Amino acid sequence: MTATEAWTGQRLKRKEDRRLLKGQGKFVDDVKRYGMGYLHFVRSPYAHARIVSVDVSQAEALPGVYGTLTGREAADLTDPYWQVAPGDASAITEYCLAVDKACWAGHPVAAVVAATREIACDAAELVEVEYEPLDPLMDARKATENDAPIVHEDAGTNVVLSALFDYGDVDAALRDADHVLRISELYFHRFSSTPLECSGSVAEFDAGTGEFTVTCNLHGPGPSITWISGALRVPAAKLHLITGDIGGGFGNKLTGYTYVTAACLLARKLGRPVKWTEWRTEQQTANAHGADRWFQDIEVAVAKDGTLLGFSAKAIDDVGAFPRYEPTGAVLWTQVTPGCYLWRNIRVDMRQVITNKTPSSANRGYSRMQHLWLTERIIDIVSHELGFDPVEIRKRNYIPATDFPYETPSGGIYDSGDYTQSLDIALELADYDRFRTQRGIRNNGKLLGIGIGSTLDSGTQNYAQVRLANPHIPVSGNNQVATIKLDLSGEVVLSLGSAPQGQGHETTAAQVAADILGVTPDDVVVHSGHDSRRNTHAGWSGTNASQFAVTGLGATKGAAEKLAAEIRLLAGAVLGAPAAEIVLAKGAALAPHGGSLTFFELASLVNVDNLDYPADLDVTLNCRYVYRPPFTLPDVERKFGNLTLTYASQVHLAVIEIDPDTGAIEILRYVAVDDCGVRVNPMIVEGQVHGALAHGLGAALTESYEYDEHGQLLTSNFYQYHVPTALDMPDLHTGEVVTPSPFGPVGAKGMGEGGGAGLHTISAAVQDALRAAGIRAVVYESFNDPQRVWSLIHEPEASQRRVIVESR
């Protein structure tokens, strides 16, 4: 036992901020090496083109150029990346550079290394590439048509996955419903996260040992090691991967392994360290995008009283030019199949296809965000078409708090929650009753509307879910590692492998460890970056899927408890007291009779003053713990199983005003109420809510990747692709509900990916404002900039034709 348990739940300032706010963080661009060369990529200007020839001679002749790499060289020196996709799509061949064909505008076809970044850029301009342009495929809906261009001839198809997910009895629900709504098409648009720090790496090669050392900002180091070492044809032990501080990631730094592979090849070829730092335009055009998704032929069954009986839909997921670790996204939505609602009958016919857009990757709320937007759009379209109150229809259909843990139609186990209470708090914080009377056309001529969005943040994935897409992938479960020790001076040192990008891992892990060991968080030194030599990582180390609150803190808790047990054993043996009666407090072990040993004295007994160490004890004061969530394999045939451990929730509410002359939206009030179980550090939780909302609102209002018919990205810089700043953000009113998770080791639920709520909250508010003003429009896209809103106001019939209501 410990004397006090005081740190978990406190609003402590982040330990990380002491260095970060002083500019003393260590990011990848801060890493310098003697004789280092700078890498720049030559990128295809075409979205789809055969590469006839690549001539690097002029570039290599430029003074200051150290060397080059072509796609053909890369193909000779590496193996193609292994594919997750099953069937024909498994034959898709990808190397770190384009070999025979460029598949998107921005696809790297060659690389140049020079003494400075500027010389490398100049040299890249001198590389001569002869292309044979091909027709690009830019519309995912046409990917399976007979005359569609085939992006990858080696696969012979543009389809990555085609699968039917059928739960309950949708046909019976549609047959027995009092109302059936048919929605022809909804579209979730393409956008991505925009980290402050672009991607980068420094690659070194030791010819004597054959080992690569890579310092980078990949935030999925475990999977990245697998992909990179496999491509380089070296054992994973020969790839020493290190991450330090990371300036944001949010998913799009998970697939940067292609660029790291190229840097490694050049470091080996040139015999010098090679540094790559991504330019912002590269980040926009050639880093990973979030996938866009089309929902078609939607049918919704509704009872007379507003009970939602079920729905079916066809979904087309556009993953861009290469699947990489897709079709993971084609199955992730099964974690949150019914959203926050009691639906028992759901059918989704999912196709995932290749196009000539930038490849996709995870994007804060990966795949669940698209699906939850669909479920919320259905709720509001049903309420407006059938005359139900948007608040009451949610309360009627929310999963009741008394039903948790709740098994979904797809076998997911929602651990805890109270969605109705969250909505009630949101209504109160928003002053809903007052604004409700002002809906429609106001005295100033503007249109006022109120939108509600409910979302789930499924945290800690069961990676066996990949088998729903490809049953032959040898992946399952999840784990995370922590090591903790009393160092020579009695200092508590905790090492994690989770590669955080601003989530405050150092602080929350220190709080959990401090409570167990009877010290303060300041007494715990936390190493939180990834280093593959530390033995503090597992294959899926990282922050993805909001897993740290469970896996990272679970590993921390387990390691700290092991260390505490060893301290008690050692102290009890020396002080002559039962280990169970030793109390840990203020950096010391206290015996019930009054004797004590400081952590410094205990560490000395093991490390330096060991002649007094009890001979019959096996205590190292250096403990490693692997936390494994209690998962089982899903039923692949039924596509059924528990695919994640915890379910944080958020309810958002927005009050907006629309200028009918311009379509511009002003947010008058915004509320977010979250439930992440035990709030280990409430201030960090609120920061996550703020950050996720910024992503969601940016995507809803100003951020969209738009392509022309030739495959050129039209929004490749911050002039066309406007990322919200602090000046763009509304005042945010927050509230919380606390329903501890019965499954998480500290009762907390991962909650970093709830920003998707902003997209459907804004969609709902726009539709509500128009309907209240007598404009029968249907919001059918997730991106609603002024131009699109103006079109809905002045041409509502085009949107309304997408919905047909059949009442019996």
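What counts and what doesn't
- In this numbering scheme, every chain counts its residues from 1 along its sequence in written order.
- At least 70 in pLDDT is required for a residue's local features to be given in this predicted model, at least 80 for side-chain atom pairs to be given and counted, and no such filter applies to totals for whole chains, interfaces and linings, which use all residues.
- With hydrogens and water stripped out, all remaining heavy atoms of the structure feed into the side-chain values.
- Paired strands are those between which DSSP finds at least two bridges.
- To qualify as a helix, a DSSP run of H or I must reach at least 4 residues; to qualify as a strand, a run of E must reach at least 2; elements of each kind are numbered from the N terminus.
- Here the axes come from fitting lines to C-alpha atoms, over the contacting stretch only for helices, and the angles between their N-to-C directions go from 0 to 180 degrees.
- Salt bridges, as used here, are contacts in which a Lys or Arg side-chain nitrogen is within 4 Å of a carboxyl oxygen on Asp or Glu.
- Any residue under 20% of the maximum accessible area for its type is buried, any over 50% is exposed, and the rest in between are partly exposed; the area is computed with a 1.4 Å probe on protein chains only.
- Here the term cavity refers to a set of points on a 1 Å grid, laid over the protein atoms alone, in which a 1.4 Å probe fits but cannot get out; the term pocket refers to an open set having protein on both sides within 12 Å along at least five of seven lines, with lining residues being those that place an atom within 4 Å of a point.
- Grid points are joined across faces, edges and corners, and a volume is the space filled by probe spheres set on the points.
- Just so you know the grouping, Ala, Val, Leu, Ile, Met, Phe, Trp, Tyr, Cys and Pro go in nonpolar, Asp, Glu, Lys and Arg go in charged, and all remaining residues, Gly too, go in polar.

Within an unreviewed UniProt entry, the label attached to the chain reads Aldehyde oxidase, and the organism entered is Mycolicibacterium holsaticum.

Take the sheet that holds strand β24 (residues 588-590) next. Ordered in space as β23-β24-β25, the three strands form an open sheet in which the pairing is antiparallel. Each having just a single partner strand, β23 (583-585) and β25 (596-598) make up the two edges of the open sheet. With direction set aside, neighbouring strand axes in the sheet form an average angle of 20°. Two strands pair when backbone bridges link them, and β24 and β25 are joined in this way by three bridges, in the antiparallel orientation.

Turning our eyes to something else, we now look at the pattern of salt bridges. The full count for this structure, using the stated rule, is 47 salt bridges. Measuring nitrogen to oxygen at the nearest pair gives 2.7 Å for the salt bridge that ties E94 to R324. One end of the pair, E94, is in the loop between α3 (71-77) and β4 (101-102); the other, R324, is in the loop between β14 (308-318) and α9 (329-332), with 230 residues separating them in the sequence. For the pair shown, E94 and R324 are each scored as buried. Across the pair R175 and D176 runs a salt bridge whose closest N-O atoms are separated by 3.6 Å. Since its relative accessible area comes to 59%, R175 is described here as exposed. Taken together, the salt bridges that share partners define one network made up of D139, R141, E185 and R802.

A few words on the layout of surface pockets. Put simply, the second largest pocket is a space of about 370 Å³. I665, L697, L701, T702 and D728 are, among the 22 residues lining the second largest pocket, the residues nearest its centre. Elements that contribute at least two residues to the lining of the second largest pocket include exactly β28 (665-675) and α17 (682-701). Of the residues assigned to the lining of the second largest pocket, the class counts are nine nonpolar, eight polar and five charged.

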